[in-house]
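# Close look at the chain arrangement
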Amino acid sequence: MTRDAVLTPTIAPPEHFISVQGLCKSFAGQPLYEDFNLDLPNNQLVSVFGPNGCGKSTLINMISGLIPIDRGEIRIHGKPIRRAKIGYVFQNYRDSMFPWMSAYDNIAYPLRVKGMPEPECRDRVERLISTFNIRLDLKRYPYSFSGGQQQLVSILRALVADPEVLFLDEPFSALDFETTLFVRDKLQEIFMATGIPMLMVVHNLEEAVFLADTVLLLSKRPTHLVEAVPFQVPRPRTPDTLTSPEFIETSRHCLEIFRQEMRK
Amino acid sequence: MTASSVRSSNRIQKFSLARADQLLPLIGVLALFGVWWLIAISGFVNPVLLPTPIATLGTLITGMLTGTMLPDFIATVLRTFSAFFMAAAVGVPIGVALGSSEKLYRSFEFLIDFFRSTPASALIPMFILFFGVSDFSKVVIAAFSAFLLIVFNSAYGVINAKQSRILAAKVMGANRWRVFKDVLLLESLPQTFIGLRSGISISLVIVIVAEMFIGTEQGLGKRIIDAQQVLNVKDMYASILITGILGYFLNMLFLLVEKRFIHWSGK
């Protein structure tokens with residue numbers, strides 16, 4: 001710890017929550033990322049959007065350390081991945097929750113893994129669910145909840161250990177329209193209350209723009225960043241946001257770039 | 001008719017239909033007994049070879065309540081369970097260990113498949129050579145066959161654990177041991193239970209064969225073969241029937257335990 005503190009110059013707190021330099025990754029000899037660079041400004045909710053197979057999920061899996069990279073450097077708040085505290089919300093809540101544990105035990109799992117004493121675990125979980133006004137009977141098993149509630153539980157599980165970054169891999173893609181709205185609102189509430197920077201992969205342009213501060217538009221493979229489109233409508237964003245001129249203009253711009261990329 | 005009375009009569013109808021549906025399995029049983037009874041009284045078959053179902057059931061009930069069938073029944077149940085518990089105690093840990101390492105599993109896959117494909121009854125003479133005609137010998141051979149099924153299913157359960165759950169545990173900071181005990185082990189349980197259920201079934205099969213083949217003081221297998229030798233057919237049919245009932249209830253028992261214990265299976 002102390003040795004690191006000496007070696008890394010601590011001039012100012014890093015202004016990027018994620019910084020990727022010279023990232024290379026290929027699958028079966030096919031380059032997916034070649035010398036990929038990315039800097040994401042602090043305290044933002046950033047969504048990633050791009051054509052099928054461009055490696056959106058691969059990108060956040062590499063940044064979160066779930067899959068190894070071939071070359072390059074990834075830093076989270078200026079630290080290497082394994083020293084950063086991250087939360088990760090999987091696309092398929094059904095396959096990432098532990099069905100043999102109650103919803104409560106699922107949420108508390110990251111704390112127990114860290115060896116936190118039981119009373120403290122209970123405090124943390126209870127504080128979390130009261131902060132976000134969650135009215136679920138957490139003694140029940142995850143599969144007894146609706147899809148939206150299950151995804152909410154898995155978001156809580158990712159948040160309980162105070163992550164410094166939250167990764168979300170297509171968090172709405174397994175949900176129907178109604179529950180998507182519910183989870184999306186809860187996510188916005190969580191972001192506004194905690195300010196935890198988030199990196200979220202989405203497969204739908206409207207969702208990419210709606211919650212984001214920045215929309216990353218990726219190209220076809222080998223993947224590079226085409227444009228980081230800012231979207232600065234104040235929060236909370238409501239259904240009215242969807243019809244605001246800013247939203248329509250940003251969506252139109254993103255769609256245009258996406259179309260250009262598809263034609264290439 | 002008012003709306004509410006229509007609704008309530010509908011409910012009664014639905015309720016009685018549901019009740020009737022539950023009785024459906026009995027129809028096959030009654031049909032079998034009916035055909036059996038018709039053949040028995042028709043004179044097509046020598047009555048010495050085929051008693052009526054009622055006479056057979058009578059023998060079964062008196063045999064279980066007053067006669068010598070109950071000790072035979074208990075002896076067979078005890079052997080079946082000893083074999084099963086031996087197999088499970090050794091088989092589940094080995095299966096889980098094999099499943100946790102793909103290389104290890106692949107090294108033993110052929111061996112397991114080979115012995116699983118060998119009829120266990122073919123090995124009885126070999127087991128007699130090693131363990132004699134003792135009670136232990138019958139239990140060991142049954143345990144051996146159950147063991148193979150249990151090992152193979154436990155290993156499969158671990159191998160086919162959902163990668164996403166393992167990944168989820170890892171990203172939450174779980175080390176290898178925690179991933180194993182919190183995820184792999186529980187992921188494998190539904191498949192392990194399939195192995196245990198098949199294990200108890202094969203244990204019963206092999207115990208019955210061993211009792212017939214090796215011989216014993218007490219046991220349903222011996223009872224069936226003895227009754228056949230002296231042409232005591234009523235007792236033979238009754239003993240076959242009680243063996244079937246035993247097998248059926250063992251399976252039911254394991255299904256019930258599974259349903260209670262592995263509540264998440266298939267969800």
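Residues numbered from 1 in each chain as written. Chains lettered and ligands numbered in written order. Predicted model: local features only at pLDDT ≥ 70, side-chain atom pairs only at ≥ 80, totals over all residues. Heavy atoms only, no water.

An unreviewed UniProt entry lists chain B under the name ABC transporter permease, with Drouetiella hepatica Uher 2000/2452 as the source organism. Taken directly from UniProt, the Subcellular location (unreviewed entry) text for chain B runs: "Cell membrane". Comment text from UniProt for chain B, heading Sequence similarities (unreviewed entry), reads "Belongs to the binding-protein-dependent transport system permease family." (UniProt positions renumbered as here; feature names shortened; annotations may be inferred.)

Going by what an unreviewed UniProt entry lists, chain A is known as ABC transporter ATP-binding protein and is assigned to Drouetiella hepatica Uher 2000/2452. Reading the Subcellular location (unreviewed entry) entry of the UniProt record for chain A gives the comment "Cell inner membrane". Comment text from UniProt for chain A, heading Sequence similarities (unreviewed entry), reads "Belongs to the ABC transporter superfamily. Nitrate/nitrite/cyanate uptake transporter (NitT) (TC 3.A.1.16) family."

### A closer look at the packing of helix H8 (residues 163-171) of chain B against helix H9 (residues 176-214) of chain B
All names here are of chain B. At their nearest, the axes of H8 and H9 sit 10 Å apart, and the two run at 165° to each other. Accordingly, the angle class assigned to the pair H8 and H9 is roughly antiparallel. In this structure, H8 meets H9 at a crossing whose hand is right-handed. Between H8 and H9, the contacting residues are Arg 165, Ile 166, Ala 169 and Lys 170 on the first element and Val 179, Val 183, Leu 184 and Glu 187 on the second. (Axes fitted to C-alpha atoms, helices over the stretch in contact; angles between N-to-C directions. Helix = DSSP H or I, 4+ residues; strand = E, 2+ residues; numbered from the N terminus. Parallel < 35°, antiparallel > 145°, perpendicular 65-115°, else oblique. Left-handed = near helix turned anticlockwise from the far one by under 90°. Contact = heavy atoms within 4.5 Å.)

### A short note on the packing of aromatic side chains
Residues and elements named next belong to chain B. Applying the stated criterion across every chain yields a total of 25 aromatic pairs over all chains. Seen in terms of ring centroids, Phe 127 and Phe 131 are 6.1 Å apart; in terms of plane orientation they differ by 20°. Their pairing is stacked. Of this pair, Phe 127 and Phe 131 are both found in helix H6 (residues 124-131), four residues apart, which corresponds to roughly one turn of the helix. Taken together, a centroid distance of 5.7 Å and an interplanar angle of 50° make the contact between Phe 127 and Phe 144 tilted. In this pair, Phe 127 is assigned in helix H6 and Phe 144 in helix H7 (residues 135-159), connecting sequence segments 17 residues apart. Taking the relative accessible area as the measure of exposure, Phe 127 reaches 9% and is therefore buried. Given a relative accessible area of 24%, Phe 144 falls into the partly exposed group. (Phe/Tyr/Trp six-rings, centres within 6.5 Å; stacked < 30°, edge-to-face > 60°. Buried < 20%, exposed > 50% of the residue type's maximum accessible area, 1.4 Å probe, protein only.)

### Focus on the environment of Arg 79 of chain B
Residue and element names in this part refer to chain B. Of note, Arg 79 is situated in helix H4 (residues 69-100). Assessed through its relative accessible area of 6%, Arg 79 is described here as buried. It is 8.8 Å that separates the C-alpha atoms of Arg 79 and Phe 136, two residues lying 57 residues apart in sequence. The residues touching Arg 79, leaving out its near neighbours within four places in the chain, are Asp 135, Lys 138, Val 139, Val 207, Glu 211, Thr 216, Gln 218 and Gly 219. Only 2.8 Å separates the side chain of Arg 79 from the side chain of Asp 135, close enough to count as a polar contact. (Polar contact = N/O pair within 3.5 Å; in protein donor to acceptor, adjacent residues only side chain to side chain.)

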